[in-house]
Amino acid sequence: MFDSPVVPRSFFMNVGENSANIALSLTKAKEQVVVRITGGCGYMSEEDANGLYDLYSEAFSGFKGAMMFGGTRMVSKNDRNIVLPGITEVVPRIKKENPDCIVFGVVPRTDDVKMDTQYGFIVTDDNNPWITIPHPDQDFFVLLQKSVDQSATWTDEWQECYNVTKRLRNVCDWKSLLIAYNGGGITEQEILALSKEGWPVLLVNGGGRKTDEYASNEEFLTKYPNVKVCNKDVRSFRNALIEMSILPGFKKSLNLQVINGGKF
Amino acid sequence: MTHTAQTVKNKSGKVQLFVADHNSSLPANYMLVATKAPTKVAIRIAGGCKNMSDQDKLEMLDFFTQAFDGYTGVLCSGATRQLTSTGELDPMVTDVPGHVALTNPDLIALGTAPRTDTWSLQGESAFVLDGYNTRPNPTMDAILLVQDGPDTNLDWDGDVPTYLKIMEAWNKFAGFEHVGLVSWNGGAVTEAEFQATAARKWPTILVEGSGRATDDAITAIHTNQPNALQGNHIFVVNKNEPQILRKYLIDNGFITVN
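Residues numbered from 1 in each chain as written. Chains lettered and ligands numbered in written order. Predicted model: local features only at pLDDT ≥ 70, side-chain atom pairs only at ≥ 80, totals over all residues. Heavy atoms only, no water.

(A) Just the overall build of chain A, in detail. On a plain count of helices and strands, chain A comes out with 8 helices and 13 strands. For a compact globule of 264 residues, the expected C-alpha radius of gyration is about 18 Å, and chain A comes in at 18 Å, within 12% of that figure. Across the 264 residues that make up chain A, the buried fraction comes to 53%. Sequence separation of at least 24 residues holds for 76% of the intrachain contacts in chain A that already meet a minimum separation of 6. Computed over 29 positive and 33 negative side-chain charges, the separation of the two mean positions in chain A equals 6 Å. (Helix = DSSP H or I, 4+ residues; strand = E, 2+ residues; numbered from the N terminus. Rg over C-alpha atoms; globule rule 2.2 N^0.38 Å. Buried < 20%, exposed > 50% of the residue type's maximum accessible area, 1.4 Å probe, protein only. Contact = heavy atoms within 4.5 Å. Lys, Arg positive; Asp, Glu negative; His and termini not counted. Charge placed at Lys NZ, Arg CZ, Asp CG, Glu CD.)

Next comes the structure, spelled out in structure tokens:
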């Protein structure tokens, strides 16, 4: 289960707290850019999952910035080597192929956390036959709660990512990008919040649900020119990352133009 | 624009001011400013200028400028600036980071200072830190003012635990491979500072001939006194040999020479 011999550093934080150490840890990335991966996969097949992993891995080849994601992994209660496919597997795979990037998970404590001799932390175990654990292949993660007695929500997860992004943008002049794929109501909240903020947003079209709804909403895309759309294929995705200056070294050498209303 | 001792002179044209309580969590945004330095190293200049002539002070600034030639990390010190009775600059150790930045513009100059008195606006709204016309140093990129709530004054060492924690966090979390301290002159607070960095095994550099607590510590080393600082991380350099300090900084990863 542990691809890396080094287990991730863990932080514990109440919603609303500011952490200097978390922000500082992200600055170890070689490129000053932070990417937040959001969305869902909604019980996709293993074949579909592998296609999604390959899509992200190939598109992000050469990435040296920082990444934020949900920070969890779902494994079988009976066999910890059986992993439920999901979007939170995407970022650790990018990390594996791009070891210079820094990967940070934000894990809301939505239930009581338990300790287990086999799994370490168990974030939730009420989703039979799966249990949720902090993903072992990330640089560090924060377990987020409202207080000792109050759980956090999935909204708190994206809002913490928003807070960290804001700090890095405003204080350190970092670039940022929110990438949305699939997803439901919480993903929608995040897309809308960052669109209104004027920060770069990339919608990966073709994965379904809320992301596809906004990717085909011409009125929305016209209102928020900071929101771009790419197709669910490597060429389109990678071109978008280059055009949005997330991948280093290419933009100046290519004469890229915004065509097709910002769609890649 | 007429430049005076109060004119802001740094790259951005403004000094970012942060205020933190000495018991509160560390100030994230202030700490992040440091990460804008091209090289992830940090050195604190500790000390004072008591008993130094005007000429001594100018030579001090020249010593550091020569020693830190090519430095692109974080250079920290106290955050104050002293003015003479006629409003002219009275150079102090706290002017070293900004002065070195004049010839090394990529470095990040940061300062910390305790709130030892009630702050006030005076004259043309000058921000004065105490009853001695002490000002925030306008050559810094960012300044952290540390207080014990709004009503209690701190002593002059009130910011020391905070800046040590900040340097520890840079080292532990932000990839600052080397952090250290240079001590020049100074009294009891300075002694506590170089004792603290020496205890952490950080490079602790004592400038011989600078006076007072720093020279006392060097004398203790040279005479093998039982309380003398010792270890490979303790380095003594004469104030007339800035090139020796520069070599030490290069050899220990603080300055990269292409």
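Once you've had a look at it, read on.
(B) Structural detail: the overall build of chain B. Of the regular secondary structure elements, chain B holds 7 helices and 13 strands. For 258 residues, the compact-globule estimate of 2.2 N^0.38 gives 18 Å, and the C-alpha radius of gyration of chain B, at 17 Å, lies within 12% of that figure. Principal axes of the C-alpha set define a box for chain B whose edges measure 50 × 40 × 40 Å. The proportion of buried residues among the 258 residues of chain B is 53%. Long-range contacts, defined as pairs at least 24 residues apart, comprise 74% of the intrachain contacts of chain B with a sequence gap of at least 6. Carbon and sulfur atoms make up 48% of the accessible area of chain B, which totals about 11500 Å². For chain B, the centre of its 19 positive side-chain charges and the centre of its 28 negative side-chain charges are spaced 6 Å apart. (Areas by Shrake-Rupley, 256 points an atom, 1.4 Å probe, with all protein chains shown as cover.)

(C) View of the pattern of salt bridges. Residues and elements named next belong to chain A. Applying the stated criterion across every chain yields a total of 15 salt bridges over all chains. Note that Asp125 is salt-bridged to Lys114, the shortest N-O span being 3.2 Å. Linking Asp125 in strand S8 (residues 124-127) with Lys114 in strand S6 (residues 114-116), this pair joins segments that are 11 residues apart in sequence. Looking at Asp125, the relative accessible area reads 26%, which means it is partly exposed. (Salt bridge = Lys/Arg side-chain N within 4 Å of Asp/Glu carboxyl O.)

(D) Quick look at unusual backbone geometry. Unlike most non-glycine residues, Ser245 of chain A shows phi in positive territory, near 60 degrees. Counting through the fold element by element, Ser245 of chain A comes out in the segment after helix H8 (234-243). Backbone geometry places Asn185 of chain B, a non-glycine residue, at a positive phi of 60 degrees.

(E) Geometry of the interface of chain A and chain B. The partner chain B presents 16 residues to the 17 residues of chain A that form the contact. Summed over both partners, the interface of chain A with chain B buries about 1400 Å², with 63% contributed by carbon and sulfur atoms. Our enumeration of links across chain A and chain B arrives at 1 salt bridge. One salt bridge in this structure joins Lys36 of chain B and Asp173 of chain A, with 3.3 Å as the shortest N-O distance. Those elements that provide at least two residues to the side of chain A that touches chain B are strand S1 (9-14), helix H1 (20-26) and helix H4 (154-172) of chain A. A total of 5 residues in the side of chain A that touches chain B trace back to one element, the largest contributor, which is H1 of chain A. (Buried area = accessible area lost by both parts, 1.4 Å probe.)

(F) Region of the structure containing the packing of helix H2 (residues 54-67) of chain B against helix H3 (residues 96-103) of chain B. Residue and element names in this part refer to chain B. It is the contact of H2 with H3, at a shortest axis distance of 9 Å, that shows an interaxial angle of 50 degrees. Accordingly, the angle class assigned to the pair H2 and H3 is oblique. Like other packed secondary-structure pairs, H2 and H3 cross with a definite hand, here right-handed. Residue-level contacts link Met60, Leu61, Phe64 and Thr65 of H2 to Val96, His99, Val100 and Thr103 of H3. (Axes fitted to C-alpha atoms, helices over the stretch in contact; angles between N-to-C directions. Parallel < 35°, antiparallel > 145°, perpendicular 65-115°, else oblique. Left-handed = near helix turned anticlockwise from the far one by under 90°.)

(G) Main features of the side chain of Ser25 of chain A. Of note, Ser25 of chain A is situated in helix H1. Each residue touching Ser25 of chain A, except ones within four places of it in the same chain, is listed here: Phe11, Ile102 and Phe140 of chain A together with Phe173 of chain B.

(H) Main features of the environment of Val182 of chain B. Residue and element names in this part refer to chain B. Among the secondary structure elements, Val182 is positioned in strand S11 (residues 178-184). Note on Val182: relative accessible area 0%, which makes it buried. Considered as a pair, Val182 and Asp69 are 113 residues apart in the sequence and their alpha carbons are 15 Å apart.

(I) Region of interest: the nonpolar core. If you look at the biggest cluster of nonpolar residues, it comprises 64 residues, and the most contacted ones within it are Leu26 and Phe104 of chain A together with Val74, Leu110 and Trp170 of chain B. A per-element tally of this core places helix H4 (residues 160-173) of chain B first, with 8 residues. Contact partners of Phe104 of chain A, with chain neighbours within four places excluded, come to Ile22, Leu26, Met67, Met68, Phe69, Gln138, Phe140, Phe141, Val142 and Val164 of chain A. Grouped together as the second largest cluster of nonpolar side chains are 35 residues, Ile43, Phe64, Leu107 and Val207 of chain B included. (Core = buried A, V, L, I, M, F, W, Y, C linked by side-chain atoms within 4.5 Å.)

(J) Fine view of the sheet that holds strand S12 (residues 201-205) of chain A. Residue and element names in this part refer to chain A. Pairing in this open sheet of 8 strands is parallel, and the strands run S1-S10-S5-S3-S2-S11-S12-S13 from one edge to the other. Strands with a single pairing partner mark the edges of an open sheet, and in this sheet they are S1 and strand S13 (227-231). The mean inter-strand angle of the sheet, taken between neighbouring strand axes irrespective of direction, is 20 degrees. Two elements, strand S11 (residues 175-181) and S12, share 4 bridges in a ladder whose sense is parallel. (Pairing = 2+ DSSP bridges.)

(K) Region of interest: helix H7 (residues 242-251) of chain B. Residue and element names in this part refer to chain B. Of the positions making up H7, those classed as buried are Pro242, Leu245, Tyr248 and Leu249. For H7, the angular spread of buried residues about the axis comes to 115 degrees, placing them on one side. Facing away from the buried surface of H7 by more than 90 degrees, the exposed residues are Lys247 and Asp251. Along its buried surface, H7 packs onto strand S2 (41-47), H2, strand S12 (204-208) and strand S13 (234-238). Immediately downstream of H7, the backbone of Gly253 shows phi near 80 degrees, a positive value. (Arc of directions from axis to C-beta.)

Nothing here speaks to function; it is all geometry.
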